[in-house]
Amino acid sequence: MSVRLSHPDTFVRRHLGPSPAEQQKMLDALGLPTLTALTSEIVPASIRSPKPLTVVEALSERAMLGELAALGRENVIAKSWLGMGYSGCITPPVILRNIVQNPGWYTQYTPYQAEIAQGRLEALLNFQTLVMDLTALEIANASLLDEGTAAAEAMALAHAFKGTPERQTFFVSSECHPQTLEVVKTRAEPLGIRVHVGDHRAVDLAALGAFGALVQYPGTHGEVFDYRAFGEAAHAAGALFVVAADLLALALLVPPGELGADVAVGSSQRFGVPLGYGGPHAAFFATKNEFVRKLPGRIIGVSQDAHGKPALRMALQTREQHIRREKATSNICTAQALLAVVASMYAVYHGPEGIRGIAESVHGAACTLAHGLRKAGLTVETGVFFDTIVARLDAARATAVFSAAAAEGVNLRRVGADGLAVAFDETTTEADIAQVLRLFGAPADVRALADEASSSLPKNLRRTSAYLTHPVFSAHHSETEMLRYMRKLESRDLSLAHSMIPLGSCTMKLNATAEMMPITEPCWNALHPFAPLDQAKGYAKVFADLERWLSEVTGFAGVSLQPNAGSQGEFAGLLAIQKYHESRHQGHRKVCLIPQSAHGTNPASAVLAGLEVVVVACDPEGNVDVDDLVKKADAHKESLAALMVTYPSTHGVFEERIREICAIVHERGGQVYMDGANMNAQVGLTSPGEIGADVCHLNLHKTFCIPHGGGGPGVGPIGVAAHLVPFLPRRPIFDADGAGTVGPVSSAPWGSASILLISWAYIRMMGGAGLTVATQVAMLNANYIATRLSPHFPLVYKGRNGRIAHECILDMRGFKKSAGIEVDDIAKRLMDYGFHAPTMSFPIPGTLMIEPTESESLAELDHFCEAMIGIREEIRAIEDGRLPKDDNPLKHAPHTIESISTATWDHPYSRELAAFPTPWTRERKFFPAVARLNNALGDRKLVCSCPPMEAYV
């Protein structure tokens, strides 16, 4: 008898929720013998892939981690004193372990359901308070993608308020970080905005016709300028004054608000978020109250719950849930919530004294270096600085010092032929200062030099105003208190660690521990994004693998990993299409056809790309109305740029005529952009390339297992057909600006590089066969739920053979008439059953869109179905008159522990029904922290920083 050598455990088995026996039980319920039979009933034969997906051979978790560790050793972790908006920092271990490495924080969903997101909302409110305090501005958002995109959003806000036919120029100081300038230019071009780069000390903004002006504080080469006079000149010229600021420097410098800034933007990366070879990092955006209605991104506000208790929510969130479609001025579905939480906790951990102390130590290191270089007779041209200085030498000596530093594992920044910049950070030690002094040939007695050195900051630029005065920034400085505070907030949030999050279109699937482990290893997260390429050979191999694998998955010739969100992927894809048209002398093509069922991000991205949106109708079955498509395509055939289509459709079905739809567009000169939000139903079975699309973005935080992190981080790479490969976005700094090319869409060359490791690990452990079966099981789980719930709730759309794809839409609209119950009541009541609501009122008002993913077990699917059926019985009790329309479990949901433990209970239903409607809720009960929120109050009375302590009394 032969012996066994292979280990029985495989990652695929761990990723899939249902066991083989459970899969067969569900198939039996559907009346089908196999997963292949289910696939055949769902996916049209005309688009099915003719050969199996191979991609790569599957590895075990242990083998994958070993392979990735070997790749990590090919990276060189140098001391990168490069600056440019990226700095080494120290993540407090208590934050690293309890937030970054904790699924209770990284598997949460965007906080649309505020009652079960109070912990994260508080952490994000702390972030907003931190930003408002340090910038001295009146309101801030809860994060954006990176500093470059935040600066571009500031340009858009300035244009919205101050742009006129005569004012179409945005001034950018030549002292801004070069990658920020490149992203701003990319965003400006399709909108017809002129970007003028120059010296802020000499420019005439009125003569330029400027609607806004951006400066860097401190400048990219370290100089700290007093911008008061420039701000006054900007206002006199009718322009908004925007300051891109270093958040840590603002602990010592006069803040932008006191300089007269209308907007302040920047990165919070150095507040405890590792470099990560470029991301993810949370940008910030602060402004004056008068500009709040155009403020991009998410805003956390203070409201009240049904009992008058202070409660937090996403303010103005309806604008995001519908993304303002073609009326958008910004694609605000872009955030880095998890990283903003880390930055906020860094401020809570250190407090105002600690933050100031860190800033002083960084500044002290730079002052010591500058003094030592000057004492050695070298020229330090930076007069007033925070952490960065530029030393001037002759060209030959500059090259020699640069090369000697590289040989010792020190990265310096070249500034012209004869200049070297050094940017110190929180990680700088006395030994580091001594090493740099020695490399320049200067004496290295650091202690003596520090005793002699003095601050470079003049009195008029030193900060005197207080910051971080709220008690939360002073109450948790012992690790015990810090740990308890983070755990308290975590306990107020429902995450995948508690139960299934069945959100349609959002794909809340397993983020496996093995996938997450590498991203906190220094060999991956300590690289500066602009370090020499030969120091990132491990990353280069990961990028090459991932690009190759995603190309096979999508059926496309090329992939760009740069877009750091799905919205950025959409934008980059549309720019590629436009540049392609321009290359063929058809730049007049500006019409983008978008079906009514499209994601709200689609029309928003089209507008940002400078396209005119024309809406295409859907038929009664939810498919694209092909007749209307032909009509609109014919009407605009001379100006047709693209069709944006989601597949499977947002209605959860595979449209039979998708190839015909693509052909209609191509025949009229347009390109087909496929939204990849629903790739979880395509992988291994079909692909955008096979269907006929030209470009598709992928939400790696959906299909490829990067966690949602409470509304970010995400990655949105694009795959393109061969004719569009020349129009993939350039890498900032590394790629030269060439005519007809597409500029960078994010600040870092490969966007949020460090979390690409998660998708690499997922694909490496699943292999082609595993990825395919994952798609099939996602369809199985969705069809099982649809089958169980369709007798109780109308199913809005079905595809061929009465099946759905990977998600289904249940119709709740009839209950308003029969029982006075709205879809919001059902969403809130689900919290009492221990579940986050499915996607609510999208794409159809009054419905719930459910996507269980392949990672949920049969037991969890049944629990969810039983919860929905239980809610239906409660509605029936209202319809039958057994419960009143105004006093029932749905209208009062969710029920907090406080509400069910009051001395008196005057409802016609029991406390037990309110809080423990099923047996499993007694075993693992999640109580919402607050009762139902007053959304109208929160929007009417916008409070977006930590309230005073008396508000909690």
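Residues numbered from 1 in each chain as written. Predicted model: local features only at pLDDT ≥ 70, side-chain atom pairs only at ≥ 80, totals over all residues. Heavy atoms only, no water.

**With respect to the nonpolar core**
Of all hydrophobic cores here, the largest spans 227 residues; its most connected members are Tyr217, Phe271, Met345, Ile763 and Leu789. With 19 residues, the single largest contributor to this core is helix α27 (residues 756-789). Residues within four places of Phe271 in sequence aside, it is in contact with Leu130, Leu134, Leu247, Leu248, Val342, Ala343, Tyr346, Ala347 and Ile355. Counting residues in each nonpolar core, the second largest holds 31 residues, with Ile139, Phe170, Leu181 and Ala244 among its members. (Core = buried A, V, L, I, M, F, W, Y, C linked by side-chain atoms within 4.5 Å. Buried < 20%, exposed > 50% of the residue type's maximum accessible area, 1.4 Å probe, protein only. Helix = DSSP H or I, 4+ residues; strand = E, 2+ residues; numbered from the N terminus. Contact = heavy atoms within 4.5 Å.)

**Quick word on the sheet that holds strand β20 (residues 671-676)**
Overall, mixed pairing links the 7 strands, which are arranged β16-β22-β21-β20-β19-β17-β18 in an open sheet. Looking at the sheet topology across the chains shown, the edges are occupied by β16 (558-560) and β18 (612-616). Pairwise comparison of adjacent strand axes, ignoring direction, gives a mean angle of 25° for this sheet. Bridge count for strand β17 (residues 591-595) against strand β19 (residues 640-646) is 3 bridges, and the pairing is parallel. Within the sheet, the bridge partner assigned to Cys592 lies in β19 and is Ala642. (Pairing = 2+ DSSP bridges. Axes fitted to C-alpha atoms, helices over the stretch in contact; angles between N-to-C directions.)

**Notes on the pattern of salt bridges**
Applying the stated criterion to the full structure yields 47 salt bridges. Across the salt bridge formed by Glu408 and Arg438, the nearest N and O atoms sit 3.0 Å from each other. Of this pair, Glu408 sits in the loop between α15 (395-407) and β13 (410-411) while Arg438 sits in helix α16 (residues 430-439), placing them 30 residues apart in sequence. By relative accessible area, Glu408 is classed as partly exposed at 36%. Linked by salt bridges that have partners in common, Asp824, Asp825, Lys891 and Arg932 make up one network. (Salt bridge = Lys/Arg side-chain N within 4 Å of Asp/Glu carboxyl O.)

**Describing the confidence of the model for the chain**
Interpretation of the predicted coordinates at a detailed level should be avoided for regions scoring low in pLDDT. On average, residues of the chain score 95 in pLDDT, and 97% of them are at 70 or above. The low-confidence segment residues 949-953 (pLDDT under 50) makes 5 contacts with residues lying over four places distant or belonging to another chain. (pLDDT = per-residue confidence, 0-100.)

**Remarks on the pairing of β20**
By the criterion of burial, β20 is predominantly enclosed, with 6 of the 6 residues buried. A two-sided burial pattern is seen for β20, the buried positions comprising Gln671, Tyr673 and Asp675 on one face and Val672, Met674 and Gly676 on the other. Two elements, β19 and β20, share 5 bridges in a ladder whose sense is parallel. In the strand pairing of β20, Thr646 is matched with Asp675. For the segment spanning β19, helix α25 (residues 658-667) and β20, crossover handedness is right-handed. In the sheet, β20 pairs with strand β21 (residues 695-698) via 4 bridges, with the strands oriented parallel. Its bridge partner being in β21, Tyr673 is matched across the sheet by Val695. (Right-handed = clockwise from strand over helix to strand, strands pointing away.)

**Side note on the sheet that holds strand β8 (residues 283-287)**
In space, the 7 strands of this open sheet follow the order β2-β8-β7-β6-β5-β3-β4, with mixed pairing throughout. Two strands close off the open sheet at either side, each with one partner strand: β2 (139-140) and β4 (194-198). Relative to strand β6 (residues 240-245), strand β5 (residues 210-217) is paired through 6 bridges, and the arrangement is parallel. Note on β6: the bridge partner recorded for Tyr217 is Ala245. With respect to the sheet, helix α11 (residues 228-236) is in contact with β3 (169-173), β5 and β6, its orientation differing from that of β6 by roughly 145°.

**Let's talk about the pairing of strand β12 (residues 388-392)**
Of all 5 residues making up β12, 4 are buried, and the element is well covered by its neighbours. Direction of pairing for strand β11 (residues 379-380) relative to β12: antiparallel, over a ladder of 2 bridges. Paired with Val380 across the strands is Ala391, a residue of β12. In terms of strand pairing, β12 meets strand β15 (residues 419-423) through 5 bridges, oriented antiparallel. Counterpart to Arg392 in the pairing with β15 is Gly419.

**Notes on the packing of aromatic side chains**
Throughout the structure, instances matching the rule amount to 28 aromatic pairs. Seen from their ring centres, Tyr277 and Phe543 are 6.2 Å apart, and the 10° between their planes marks the pair as stacked. Of this pair, Tyr277 sits in the loop between β7 (263-267) and β8 while Phe543 sits in helix α21 (residues 537-554), and the two are 266 residues apart along the sequence. Each member of the pair, Tyr277 together with Phe543, is buried. Taking 5.7 Å as the distance between ring centres and 35° as the angle between the ring planes, the aromatic pair formed by Trp549 and Trp760 counts as tilted. Here Trp760 lies in helix α27 and Trp549 lies in helix α21, a separation of 211 residues in the sequence. Of the two residues examined, Trp549 and Trp760, each falls in the buried class. Here the aromatic residues Tyr86, Tyr277, Trp524, Phe530, Tyr539, Phe543, Phe734 and Trp750 are joined through ring pairs into a cluster of three or more. Taking NZ or CZ as reference, Arg187 lies 5.7 Å from the ring centre of Phe571, over its face. Here the basic side chain of Arg414 rests over the ring of Phe402, its NZ or CZ set 5.3 Å away from the ring centre. (Phe/Tyr/Trp six-rings, centres within 6.5 Å; stacked < 30°, edge-to-face > 60°. Lys NZ or Arg CZ within 6 Å of the ring centre and 35° of its normal.)

**Some words on the environment of Phe927**
Mapped onto the secondary structure, Phe927 falls in the loop between α33 (919-923) and α34 (935-940). Sequence spacing of Phe927 and Glu898 is 29 residues, and the spatial spacing of their C-alpha atoms is 9.6 Å.

**Concerning the packing of helix α24 (residues 626-635) against α25**
Between α24 and α25, the least distance of the axes is 10 Å, while the angle of their chain directions is 10°. When the interaxial angle is binned, α24 and α25 end up roughly parallel. Here α24 contributes Val626, Leu629, Val630 and Ala633 to the contact with α25, which in turn contributes Glu660, Ile661 and Ile664. Residue composition of the contact of α24 with α25, grouped by class: 6 nonpolar, no polar and 1 charged. (Parallel < 35°, antiparallel > 145°, perpendicular 65-115°, else oblique. Nonpolar A, V, L, I, M, F, W, Y, C, P; charged D, E, K, R; others polar.)

**Considerations on helix α2 (residues 20-30)**
Regarding α2, the residues found buried are Gln23, Met26, Leu27 and Leu30. Viewed end-on, α2 has its buried residues packed into an arc of 105°, placing them on one side of the element. Within α2, the exposed residues directed more than 90 degrees away from the buried face are Ala21, Lys25 and Asp28. Lining the buried residues of α2 we find α3 (35-42), α27 and α30 (858-879). After α2 finishes, the residue Gly31 shows a positive phi value of roughly 75°. (Arc of directions from axis to C-beta.)

**Here's the deal with helix α9 (residues 178-188)**
Of all 11 residues in α9, 9 are buried, a share of seventy percent or more. Among the residues of α9, Gln179, Thr180, Leu181, Glu182, Val183, Val184, Thr186, Arg187 and Ala188 are the ones counted as buried. Against α8 (147-162), β3, β4, β5, α22 (566-583) and α23 (601-608) lie the buried residues of α9.

**Some words on unusual backbone geometry**
In this chain, Tyr217 is followed by Pro218 through a cis amide linkage whose omega measures -5°. With respect to the element layout, Pro218 can be found in the loop between β5 and α11. The omega torsion of the bond from Phe842 to Pro843 falls at 5°, within 30 degrees of zero and hence cis. Tracing the chain through its elements places Pro843 in the loop between β24 (839-840) and β25 (847-850). Backbone geometry places Cys705, a non-glycine residue, at a positive phi of 75°.

**Notes on the packing of helix α7 (residues 118-135) against helix α14 (residues 337-375)**
Here α7 crosses α14 at 65°, and the two axes come no closer than 8 Å. Between α7 and α14, the crossing angle belongs to the class labelled roughly perpendicular. The hand of the α7/α14 crossing is left-handed. Counted together, Ala123, Leu124, Asn126, Phe127 and Leu130 of α7 and Ala337, Ala340, Val341, Ala343, Ser344, Met345, Ala347 and Val348 of α14 form the full contact between these two elements. Class assignment of the residues belonging to the contact of α7 with α14 gives a composition of 11 nonpolar, 2 polar and no charged. (Left-handed = near helix turned anticlockwise from the far one by under 90°.)

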